[in-house]
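# Report on the structure
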Amino acid sequence: YLPKVKAFAPLSLGYKNMLSDTFWFSTINYFGKHHHSDRNYRWLAHRCELVLELNPRFFEAYKFCALMLAWEQNDPSSAITILNKAIESYPENWEFYYYRGFFYLYFLKEEFKARDDLVHASKLPGVPVAVVSLAARQTLNINDPQNARDILLEVLSTNNDPIVREVINGKLNEYGNEILQ
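In this text, all values refer to a predicted model and were calculated from it rather than measured experimentally. (Residues numbered from 1 in each chain as written. Predicted model: local features only at pLDDT ≥ 70, side-chain atom pairs only at ≥ 80, totals over all residues. Heavy atoms only, no water.)

### Looking at the packing of aromatic side chains
Counted by the stated rule, this structure contains 19 aromatic pairs. For the ring pair Phe 31 and Phe 64, a centre distance of 5.2 Å and an interplane angle of 85° mean the geometry is edge-to-face. Pair noted here: Phe 31 is in helix α2 (residues 16-35) and Phe 64 is in helix α4 (residues 59-71), with a separation of 33 residues, a long-range link. A connected cluster of aromatic rings, assembled from ring pairs, spans Trp 71, Trp 94, Tyr 98, Tyr 99, Phe 102, Phe 103, Tyr 106 and Phe 107. Directly above the ring of Tyr 90 sits Arg 57, whose terminal nitrogen or CZ lies 4.1 Å from the centroid. Over the face of the ring belonging to Tyr 106 we find Lys 109, whose NZ or CZ atom lies 5.5 Å from the ring centre. (Phe/Tyr/Trp six-rings, centres within 6.5 Å; stacked < 30°, edge-to-face > 60°. Helix = DSSP H or I, 4+ residues; strand = E, 2+ residues; numbered from the N terminus. Lys NZ or Arg CZ within 6 Å of the ring centre and 35° of its normal.)

### A word on unusual backbone geometry
For residues that are not glycine, phi is negative in most cases, and the peptide bond is trans in most cases. For Arg 39, which is not glycine, the phi torsion reads 55° and is therefore positive. The residue Arg 39 is located in the loop between α2 and α3 (44-54) in this model. Even without a glycine there, the phi angle at Asn 74 is positive, about 55°. Along the chain, Asn 74 turns up in the loop between α4 and α5 (76-89).

### A look at α5
The first and last C-alpha atoms of α5 sit 20 Å apart over 14 residues, in line with the 20 Å expected at 1.5 Å per residue. Within α5 the residues assigned to the buried category are Pro 76, Ser 78, Ala 79, Ile 80, Ile 82, Leu 83, Ala 86, Ile 87 and Ser 89. On its buried side, α5 packs onto α3, α4 and α6 (94-106). (Expected span 1.5 Å × (residues − 1). Buried < 20%, exposed > 50% of the residue type's maximum accessible area, 1.4 Å probe, protein only. Contact = heavy atoms within 4.5 Å.)

### As for the nonpolar core
Residues Leu 44, Tyr 62, Ile 82, Phe 96, Phe 103 and Ile 168 are the most contacted members of the largest nonpolar core, which totals 53 residues. Ranked by the residues each element gives to this core, the list is headed by α4, at eight residues. Phe 103 has contacts with Ala 66, Leu 67, Ala 70, Trp 71, Ala 79, Ile 80, Leu 83 and Leu 108, leaving out every residue within four places of it along the chain. (Core = buried A, V, L, I, M, F, W, Y, C linked by side-chain atoms within 4.5 Å.)

### Overview of the confidence of the model for the protein
For the protein, per-residue confidence averages 84 on the pLDDT scale, and 79% of positions sit at 70 or higher. Model confidence for the protein, summarised as mean pLDDT per element, is weakest for helix α1 (residues 5-11) at 65 and strongest for α5 at 97. (pLDDT = per-residue confidence, 0-100.)

### With respect to α4
Given a rise of 1.5 Å per residue, 13 residues ought to cover 18 Å, and the 19 Å separating the end C-alpha atoms of α4 matches this to within 8%. Burial in α4 covers these residues: Phe 59, Ala 61, Tyr 62, Lys 63, Cys 65, Ala 66, Met 68, Leu 69 and Ala 70. Tucked into the core, α4 has its buried residues touching α2, α3, α5 and α6.

### Regarding the pattern of salt bridges
Within the structure shown, the criterion is met by six salt bridges. The residue Arg 100 makes a salt bridge to Asp 117 at a minimum N-O spacing of 2.6 Å. Residue Arg 100 is located in helix α6, and its partner Asp 117 is located in helix α7 (residues 111-122); the two are separated by 17 residues in the primary sequence. The burial state of Arg 100 is the same as that of Asp 117; both residues are buried. Across the pair Glu 110 and Lys 113 runs a salt bridge whose closest N-O atoms are separated by 3.2 Å. You can call Glu 110 partly exposed: its relative accessible area is 30%. Connected via shared salt-bridge partners are Glu 60, Lys 63 and Glu 95. (Salt bridge = Lys/Arg side-chain N within 4 Å of Asp/Glu carboxyl O.)

Have a look at this one:
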């Protein structure tokens, strides 16, 4: 039996982080047991919600839950719900925007939502060049070349990393657009 998310917090009696950690170990055990047997993760999304309701700053739980829900459970919608909560807790972390954008693109075929998230991720500190390149490629794949150019120029104007600027300029150059220095 698993209680509803809203009913679970009062059961913690003020020890939310401790209960979250305990339930996290139980969730990992649940996942591992099913991963090595029937691969039926029926309760994974609910378990993840319980853990994250108790501790909304549990960084690694967001990543694990989102990735396993999307790839193992084949439930990208639940993964995106988890990532929405992650972005609320960590709005300056590029990873959660990247994962959500990738899931929109790969699983749900929602190119405009994917583009928005990937472009947003590309503007955040510490983003790898590969993410910037993916954002640029996804932006240039949309049907409105002027809008794509404007988005890439905006990314270029907000990022001072020379490698990121080189990637964006390269993509603009590939498509015959002006290069900004």
